[in-house]
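Residue-level structure breakdown
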Amino acid sequence: METKQIDVAVIGAGITGLTTAFLLQQKGKQVHLLERANRTGGQIQTFHEAGFTFESGPNTGTVSCPEVVELFTRLHSTSSQLEVACKAAKRRLIWKKDRFHALPSGLLAGITTPLFTYKDKIRLLGEPFRSKGTTPDESVGQLACRRLGKSFFNYAVDPFISGIYAGDPMKLVTRYALPKLYNLEQNYGGFIRGSIAKMKEPKTTRDRLATKEIFSVTGGLENLTIALAGQIGSEHISLSVSNTVLQPLADGRWQISCMTPQGEQTFLASKVVTTVGAYCLPKLIPFVPSELMDKITNLRYAPVIQASVGIRDTGALHLNAFGGLIPSIEQKPILGILFPSSCFSSRAPHGGALFSFFMGGVRHPEMMEWTDDEIRNVIVTHLHSMLRFPSNISPDLIRIFRHSRAIPQYGQSSGERFEAISRIENQYPGLILAGNIRNGISLADRIRQASLVAETMIG
């Protein structure tokens, strides 16, 4: 088969790869996207069934950086419009003892909430005056206990980490997993001081695009990836690709060899961007010495079970919130439950509701071996005991999705991983290792990274 000459090859057609390819194309670069699956979108996939619209991967994103809004503006697609969550999304629930309680959003609620102890509420007043941490690899849990107190750790930070990372806050290093939180303490002396100072800092018009609002896409998140793929063009995307191998050439270019459904294919590219998981890199870039590669492939991933649960008629029960998180101290088999139909339009039939149950995580990887019936039993039991649905109401839809490598864990080895990535990129000019192996795990992180990669390559 004829060798194709291109400017940039992008490996992996998830949100990072699609966004990178799209932005490079916008600047006139000849790009080709290679994907091992038979579809684009990666973890992002939306289903429509029996009047319900549900996700098998990420459910939402946060407009935490201007690049999110700028991407939707550049797409100018009527089928992939950014949908900001309604006011109910501001209400977050935390389970304690036998019920969900709203996470405090104001002073009075903070004083009266049963989530935190009286001692820790008083102790919080001294947070701005506590000394900065001096341990660079301090975990999120250690930082929370030191600055906020044990009850704030148990009933705010721990469930928050479960909701984002499905991880253990005592093993996630703050400066890697939550760099913004780490910088609040290091740069401003504390969380409260830092938050106040950040609010007072002058913001450009572009800065104000980062509204921190929760978002999805009209009709589901997959409409975003479909729109990106449509803009890139099917002729610039190869699906169901296997045995992809990169090789640096003496003239500074890159040779990409792979097997497509049509047969063997070779590309010659000036630059290459990989967006694949750490576990895919050894076969993709076999020329990298094992002592460097081992520092990347030791990245641990949290396994997650996500179940979409639909009820066509909820009767008199209406749950107006973003969702509920369950602290690990409560010892429940569920990490959290999101309420997509309370936040976004057309997620469930009128009078009905859609829920996303999350199970497993780094603390309970054994749940990945549970049967579908065992998972369904847990869901139905907690639909009644936690969400308070009467016994005569049962789910009309349960769809179970298992992700063995769902979320990278930014633990103590992350510093070595980032250093190894930098060394590889310096040693092999024209190669960029992107994706969620670095620069964060959220949708906004992925879009921002793709934007920065594209800018670097254009410049």
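Higher on the page you've got the structure.
Now for a quick tour of the structure. Remember, predicted model here, so these are calculated numbers, not experimental data.

Helix and strand counts for the protein chain come out as 16 helices and 19 strands. In terms of overall dimensions, the protein chain is globule-like: its C-alpha atoms have a radius of gyration of 23 Å, near the 23 Å expected for 459 residues. Projected onto its principal axes, the C-alpha coordinates of the protein chain cover approximately 70 × 55 × 45 Å. Counting over 459 residues, the protein chain shows a buried share of 52%. Here the contacts in the protein chain between residues at least 6 apart in sequence split such that 71% fall between residues at least 24 apart. When the accessible surface of the protein chain is summed, it comes to about 21,000 Å², and 52% of that surface belongs to carbon and sulfur atoms.

Opposite charge on two side chains allows them to pair when their charged atoms are near. Using the criterion set out here, one finds 19 salt bridges in the structure. Here R206 and E67 are joined by a salt bridge, their closest N and O atoms 3.2 Å apart. With R206 in the loop between α9 (191–200) and β9 (214–217) and E67 in helix α2 (residues 66–75), the pair connects residues that are 139 residues apart, well separated along the chain. Two residues, R376 and D373, come together in a salt bridge whose shortest N-O distance is 3.1 Å. Placement of the pair is R376 and D373 together in helix α14 (residues 372–385), with a separation of three residues, close to one helical turn. A relative accessible area of 31% means that R376 is categorised as partly exposed. By relative accessible area, D373 is classed as exposed at 51%. Each of E127, E138, R146, R147 and E185 takes part in salt bridges that share partners, so that together they form one network.

Bringing the packing of helix α1 (residues 15–26) against α2 into the picture now. Contact geometry of α1 with α2 gives a least axis separation of 12 Å together with a crossing angle of 60°. When the axis of α1 is compared with that of α2, the two are oblique. Considering the relative orientation of α1 and α2, their crossing is left-handed. Counted together, T19, F22, L23 and Q26 of α1 and L71, R74 and L75 of α2 form the full contact between these two elements. Here the contact of α1 with α2 is built from residues that sort into four nonpolar, two polar and one charged.

Together, K180, K203, R208 and K212 make up a positively charged patch on the protein surface. Along the chain, the position of K180 falls in helix α8 (residues 179–188).

On to the packing of helix α12 (residues 290–297) against helix α15 (residues 414–427), then. Each pair of packed helices gets described by two things: the angle between the helix axes and the distance between those axes. Two numbers describe how α12 lies on α15: the axes approach to 8 Å, and their chain directions differ by 135°. Between α12 and α15, the angle falls in the class oblique. Both α12 and α15 take part in a crossing whose hand is left-handed. Between α12 and α15, the residues in contact are L292, K295 and I296 and E416, R417, A420, I421, R423, I424 and Q427, respectively.

Glancing now at α8. Inspection of α8 places Y182, L184 and E185 among the buried residues, and these make up the whole buried set. When α8 is viewed along its axis, its buried side chains cluster within an angular range of 155° and face the same direction. Set apart from the buried face of α8 by more than 90 degrees, the exposed residues are K180 and N187. Tucked inside the fold, the buried residues of α8 contact α5 (140–147), α7 (174–177) and α9. Directly after α8, the chain includes G189, whose backbone phi takes a positive value near 95°.

Attention shifts here to the side chain of D168. Here D168 shows up in the loop between α6 (150–165) and α7. Residue D168 is classed as buried on the basis of its relative accessible area of 15%. Side-chain polar atoms of D168 contact the side chain of R363, separated by 3.5 Å. The residues contacting D168, other than those within four sequence positions of it, are I161, V362, R363 and Q409.

This paragraph deals with the sheet that holds strand β18 (residues 397–408). Ordered in space as β8-β7-β15-β16-β17-β14-β18, the seven strands form an open sheet in which the pairing is mixed. Since the sheet does not close on itself, it has two edges, and those belong to β8 (99–102) and β18, each with one partner. Strand after strand, the sheet turns through a mean of 25° between neighbouring axes, direction not considered. Looking at chain direction, strand β16 (residues 336–338) and strand β17 (residues 353–360) are connected through three bridges and run antiparallel. Within the sheet, the bridge partner assigned to L338 lies in β17 and is S356.

For strand β7 (residues 92–96) and β8, the ladder comprises four bridges, and the chain directions are antiparallel. Residue pairing in the sheet places K96 in a bridge with R99 of β8. Hairpin connection between β7 and β8: a loop of two residues separates the two successive antiparallel strands, and K97 in this loop has a positive phi of roughly 65°.

To continue, consider the nonpolar core. If you look at the biggest cluster of nonpolar residues, it comprises 37 residues, and the most contacted ones within it are V157, I161, Y165 and I407. Those elements that place two or more of their residues in this core are α5, α6, α7, β14 (301–311) and β18. For this core, the element with the highest residue contribution is α6, accounting for six residues. Those residues in contact with I407, other than ones at most four positions away along the chain, are I164, Y165, A166, R300, Y301, A302, V304 and I441. Of all hydrophobic cores here, the second largest spans 36 residues; its members include A227, L228, A229 and A454.

Tallied over the full model, the rule gives 14 aromatic pairs. Three or more aromatic residues joined by ring pairs form one cluster here, namely Y165, Y176, Y410 and F418. In this structure, R92 is placed above the aromatic ring of F322, and the distance from its NZ or CZ to the ring centre is 4.3 Å. Above the face of the F191 ring, R147 is positioned so that its terminal group lies 5.7 Å from the ring centre.

The rules we used
Residues numbered from 1 in each chain as written. Predicted model: local features only at pLDDT ≥ 70, side-chain atom pairs only at ≥ 80, totals over all residues. Heavy atoms only, no water. Helix = DSSP H or I, 4+ residues; strand = E, 2+ residues; numbered from the N terminus. Rg over C-alpha atoms; globule rule 2.2 N^0.38 Å. Buried < 20%, exposed > 50% of the residue type's maximum accessible area, 1.4 Å probe, protein only. Contact = heavy atoms within 4.5 Å. Areas by Shrake-Rupley, 256 points an atom, 1.4 Å probe, with all protein chains shown as cover. Salt bridge = Lys/Arg side-chain N within 4 Å of Asp/Glu carboxyl O. Axes fitted to C-alpha atoms, helices over the stretch in contact; angles between N-to-C directions. Parallel < 35°, antiparallel > 145°, perpendicular 65-115°, else oblique. Left-handed = near helix turned anticlockwise from the far one by under 90°. Nonpolar A, V, L, I, M, F, W, Y, C, P; charged D, E, K, R; others polar. Patch = residues over 30% accessible without salt bridge, like charges linked within 9 Å, V, L, I, M, F, W, Y side chains within 5 Å. Lys, Arg positive; Asp, Glu negative; His and termini not counted. Charge placed at Lys NZ, Arg CZ, Asp CG, Glu CD. Arc of directions from axis to C-beta. Polar contact = N/O pair within 3.5 Å; in protein donor to acceptor, adjacent residues only side chain to side chain. Pairing = 2+ DSSP bridges. Core = buried A, V, L, I, M, F, W, Y, C linked by side-chain atoms within 4.5 Å. Phe/Tyr/Trp six-rings, centres within 6.5 Å; stacked < 30°, edge-to-face > 60°. Lys NZ or Arg CZ within 6 Å of the ring centre and 35° of its normal.

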